[in-house]
Amino acid sequence: MARVVLITGGARSGKSMLAEQRTLQAGSVAHYIATAQAFDSEMAARIATHRDRRGPEWRTHEAPLDLLGALCATDDAPRLVDCLTLWLSNLMLAELDWQSRAREMIAALPVLRQPVVFVSNEVGMGIVPDNPLARAFRDAAGTLNQWIAAHADEVILSVSGLPLKVK
Amino acid sequence: MARVVLITGGARSGKSMLAEQRTLQAGSVAHYIATAQAFDSEMAARIATHRDRRGPEWRTHEAPLDLLGALCATDDAPRLVDCLTLWLSNLMLAELDWQSRAREMIAALPVLRQPVVFVSNEVGMGIVPDNPLARAFRDAAGTLNQWIAAHADEVILSVSGLPLKVK
Amino acid sequence: MARVVLITGGARSGKSMLAEQRTLQAGSVAHYIATAQAFDSEMAARIATHRDRRGPEWRTHEAPLDLLGALCATDDAPRLVDCLTLWLSNLMLAELDWQSRAREMIAALPVLRQPVVFVSNEVGMGIVPDNPLARAFRDAAGTLNQWIAAHADEVILSVSGLPLKVK
C-alpha cells in the first residue's frame, strides 16, 4: 500500500525542495506531477525555476485537473504532486466540483502501490480577505489540507526550509 | 482551579474540531460559548455548519461582547469559547476598550473551577495589510493570543486538522 | 565562532521578546541593531514601544541598509537584528541587489565571534496578494528566511509568544 506524505507551508518556505528529497528517498527515479498552468510569464518563470532545479531522475507530467488519472498512470515509481493548492484553484476556476474530485482521489489512495508526496500551501493565516472568492478559496484550501492530512502517514510543516513534524 | 487551553491556527485548519474534542475530554456535557454574530448570510451559514456538527451534549450560549459574564454563568461544566478573534473584532467594532476587557477576563480565569478551551486565529502571517484598521486588528489579535497563551496550561497550533503542541 | 539564531513568526507573535531574552542569555550587555526606518508616525510609535521595553543593558544601532557593517562594528557583544524583513524591504525599496547583500552577510557570519540573533517574519501564509510587488516581496522574504535558516545553529518559530523549536 502506498505511503502518503503531505508537506505544507507558506510561499517560498522550501516545501518543494523538502518534497523532492522525500520522494527520492523512496526511489531512484520519480514522477513529478505538476498541477501548474502557465497562464502568464510570472507563472512560466516560476515553473521553469522549479524544473531547472530537478535532475534527470525526474519524469514530468502535467495534471492541472485530472490528478487521479495522473496518479493511476504513474504507479510504477514514487510521485510528487506539486501542488494541491493549484489543483484546487484550477478546479474552482473551471467550475468543477472540487469536493467530489478530492474525495474520489483520496478514496483511490489505498489502492496505489507507490508512495505519493503531496505539496500544499498554508493560505489561511493572514487577515480575512475582503474578496468573497478569496475567502471561499482559502476555506476550500484549508478543508482539502485537513482531508489529505487525515489520510496521510506523514504530515510536515515546512518553516524556512526546515521540516516541522506534525504527524 | 480551571485548566486553560488555547487552540490557535489558520482559517479552516480544524481548530474548532480539535477544541470540541478537547472540551469533551473534560466532561460529558459542555457549554459552547459562541462569540460570532450573524451579520450576513455567509456568517449565518458558517455558524449553522458548526452547530450542526456538534451533538446534544452541547449547550450553546451567545456572547459577542460579555465573555467574562458568559464564563461566570457557565462554571458548572467545561467551556469552549469559539472564538477569541471574533470577540476581539466585536469589541473593536463597538469601539469598546478590548485591552481592559481582556485583562479583566484573564484575571478572572484562576477563580473559575471548570476548564476553558479558547479557540483563536493566526492572522499575522500574511503580507502587511494596506488598510490601517486591518493592521491594528492583526496587532491586537496577536497581542491577545500572547496574553492568553501566557496564562494557559496548554497551547496547541492546529495544522491541517492536526495538533502541534506549543506549550 | 559566532552562534547564529533565527527567530521567525507572524506579526505580534512575540518574536522580539523571545529574541531579547535569547540574546541576553549570551551576555550581560548586548547590541540592538534596528533595521526600521521611522517613515511615518505609526512606525515611529512602534519603534518607541520596542525601545521602551528594552533595559539599559542594550546599545541601539540603526542599520536600515548596511547590516554587514553593523555586524562587524558590534562584534564585542551579542547582537539582536530586528528585523530581517524590514532590512529586505529597505533594500528592495532602494532598488539595491538584496540577494548579493544577503549572500555577503551570510558569508561573513562564520568570521564573527559574538552571537547573532536574527528576527524575521512569516509573510507567506495568507492568500496570494493581487499586487505583483507584494508577491515579489513575499517570495524574497521566504527565500531570505531559508538562506539564514540553512546557516543558523538554532531556528525558532514564535507562536503566541511561545517558542516552537524548528532546528
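Data block above holds the structure.
Presented here is an overview of the structure given in this document. (Residues numbered from 1 in each chain as written. Chains lettered and ligands numbered in written order. Predicted model: local features only at pLDDT ≥ 70, side-chain atom pairs only at ≥ 80, totals over all residues. Heavy atoms only, no water.)

## Focus: the pattern of salt bridges
- Tallied over the entire structure, the rule returns 15 salt bridges over all chains.
- One salt bridge connects Asp 139 of chain A with Arg 12 of chain B, and the closest N-O pair in it is separated by 3.7 Å. With Asp 139 of chain A in helix α6 (residues 132-151) and Arg 12 of chain B in the loop between β1 (4-9) and α1 (15-25), the pair connects residues from two separate chains.
- Each member of the salt-bridge network shares a partner with another, and the members are Arg 3, Arg 22 and Glu 154 of chain A. (Salt bridge = Lys/Arg side-chain N within 4 Å of Asp/Glu carboxyl O. Helix = DSSP H or I, 4+ residues; strand = E, 2+ residues; numbered from the N terminus.)

## Examining the relation of the copies chain C and chain A
- Screw-axis analysis of chain C against chain A gives a translation of 0.0 Å along the axis, an RMSD of 0.0 Å, and a rotation angle of 120°. Overall, the copies show the geometry of a three-fold rotation axis. Ranked by how close their C-alpha atoms come to the rotation axis, the residues of chain C are headed by Gly 126 of chain C, at 2.5 Å. (Least-squares fit on C-alpha atoms with pLDDT ≥ 70 in both.)

## As for the sheet that holds strand β2 (residues 30-34) of chain A
All names here are of chain A.
- Judged by pairing direction, the sheet is mixed, and its 7 strands sit side by side in the order β3-β2-β4-β5-β1-β6-β7 without closing on themselves. Where the open sheet ends on each side, the last strands, each with one partner, are β3 (58-62) and β7 (162-165). Sheet twist, expressed as the average angle between the axes of neighbouring strands with direction ignored, equals 25°.
- Bridging between β2 and strand β4 (residues 79-82) involves 4 bridges; their strand directions are parallel. For Ile 33, the partnering residue across the bridge sits in β4 and is Val 81.
- Relative to strand β1 (residues 4-9), helix α1 (residues 15-25) is tilted by about 165°, and along the sheet it contacts β1, β2, β3, β4, β5 (116-119), β6 (154-159) and β7. (Pairing = 2+ DSSP bridges. Axes fitted to C-alpha atoms, helices over the stretch in contact; angles between N-to-C directions. Contact = heavy atoms within 4.5 Å.)

## Some thoughts on the interface of chain B and chain C
- If you look at the interface, chain B gives 21 residues, while chain C gives 22 residues.
- Between chain B and chain C, roughly 1700 Å² of surface is buried when both sides are summed, and carbon and sulfur atoms account for 63% of that area.
- Of all residues in chain B, Met 125, Ile 127 and Gln 146 of chain B give up the largest surface area on contact with chain C, accounting jointly for 39% of the area buried on that side.
- Put simply, chain B and chain C have 1 salt bridge between them.
- Contributions of two or more residues to the side of chain B that touches chain C are made by β1, α6 (132-151), β6 (154-159) and β7 (162-165) of chain B.
- Take the side of chain B that touches chain C: its biggest share by element is 8 residues, from α6 of chain B.
- Looking at the side of chain B that touches chain C residue by residue, the classes come out as 8 nonpolar, 7 polar and 6 charged. (Buried area = accessible area lost by both parts, 1.4 Å probe. Nonpolar A, V, L, I, M, F, W, Y, C, P; charged D, E, K, R; others polar.)

## Here's the deal with the interface of chain C and chain A
- On the side of chain A, 22 residues touch chain C, which itself brings 21 residues to the contact.
- Around 1700 Å² of area is buried between chain C and chain A when both sides are counted, 63% of it from carbon and sulfur atoms.
- Looking only at chain C, the three residues that lose the most surface to chain A are Met 125, Ile 127 and Gln 146 of chain C, adding up to 39% of its buried area.
- Summed over the shared surface of chain C and chain A, the result is 1 salt bridge.
- Remark: the boundary between chain C and chain A carries 5 residue pairs in polar contact (both at pLDDT 80 or more).
- Per-element accounting of the side of chain C that touches chain A gives the leading share, 8 residues, to helix α6 (residues 132-151) of chain C.
- When the residues that make up the side of chain C that touches chain A are grouped by side-chain class, the tally is 8 nonpolar, 7 polar and 6 charged. (Polar contact = N/O pair within 3.5 Å; in protein donor to acceptor, adjacent residues only side chain to side chain.)

## Points about helix α4 (residues 84-93) of chain C
All names here are of chain C.
- Considered for burial, the residues of α4 that qualify are Leu 84, Thr 85, Trp 87, Leu 88, Asn 90 and Leu 91.
- Buried positions along α4 lie against β1 (4-9), α3 (67-73), α5 (98-108), β5 (116-119) and α6.
- Remark: Glu 95 follows α4 within two positions and exhibits a positive phi of approximately 55°. (Buried < 20%, exposed > 50% of the residue type's maximum accessible area, 1.4 Å probe, protein only.)

## Points about the environment of Thr 85 of chain A
All names here are of chain A.
- Here Thr 85 shows up in helix α4 (residues 84-93).
- The exposure class of Thr 85 is buried, given its relative accessible area of 8%.
- Remark: the alpha-carbon pair of Thr 85 and Arg 138, spanning 53 residues in sequence, is separated by 9.4 Å.
- The residues touching Thr 85, leaving out its near neighbours within four places in the chain, are Ser 120, Asn 121, Val 123, Phe 137 and Ala 141.

## Describing the sheet that holds β5 of chain C
All names here are of chain C.
- With respect to topology, 7 strands assemble into an open sheet ordered β3-β2-β4-β5-β1-β6-β7, the strand pairing being mixed. Whereas interior strands pair on both sides, the edge strands pair on one side only; in this sheet they are β3 (58-62) and β7 (162-165). Neighbouring strand axes in the sheet, compared pairwise and without regard to direction, differ in orientation by 25° on average.
- Sheet topology note: the strand β6 (residues 154-159)/β7 ladder contains 4 bridges and is antiparallel. Its bridge partner being in β7, Leu 157 is matched across the sheet by Leu 164.

## Things to note about the pairing of β1 of chain C
Residue and element names in this part refer to chain C.
- Where burial is concerned, most of β1 is hidden: 6 out of the 6 residues are buried.
- Burial along β1 is two-sided: Val 4, Leu 6 and Thr 8 and Val 5, Ile 7 and Gly 9, pointing in opposite directions, are all buried.
- When β1 meets β5, the two strands line up parallel, connected through 4 bridges. The partner of Val 4 across the bridge, within β5, is Val 116.
- Pairing of β1 with β6 involves 5 bridges; the strand directions are parallel. Bridging across to β6, Ile 7 finds its partner in Ile 156.

## Here we look at the packing of α4 of chain A against helix α5 (residues 98-108) of chain A
Residue and element names in this part refer to chain A.
- Contact pair α4 / α5: the axes reach a minimum separation of 10 Å and the direction vectors enclose 140°. It follows from the interaxial angle that α4 and α5 lie oblique. Seen from α4, the contacting residues are Trp 87, Leu 88, Leu 91 and Met 92; seen from α5, they are Trp 98, Arg 101, Ala 102 and Met 105.
- Per-class residue counts for the contact of α4 with α5 are 7 nonpolar, no polar and 1 charged. (Parallel < 35°, antiparallel > 145°, perpendicular 65-115°, else oblique.)

## Quick notes on unusual backbone geometry
- Omega for the peptide link from Asp 82 of chain B to Cys 83 of chain B comes to 0°, which places this bond in the cis form.
- Phi at Arg 12 of chain A is positive, roughly 50°, even though this residue is not glycine.
- The backbone of Glu 95 of chain A shows a phi angle near 55°, a positive value even though the residue is not glycine.
- Locating Glu 95 of chain A in the fold gives a position in the loop between α4 and α5.
- Classification of Glu 95 of chain A by relative accessible area gives exposed; the value is 73%.

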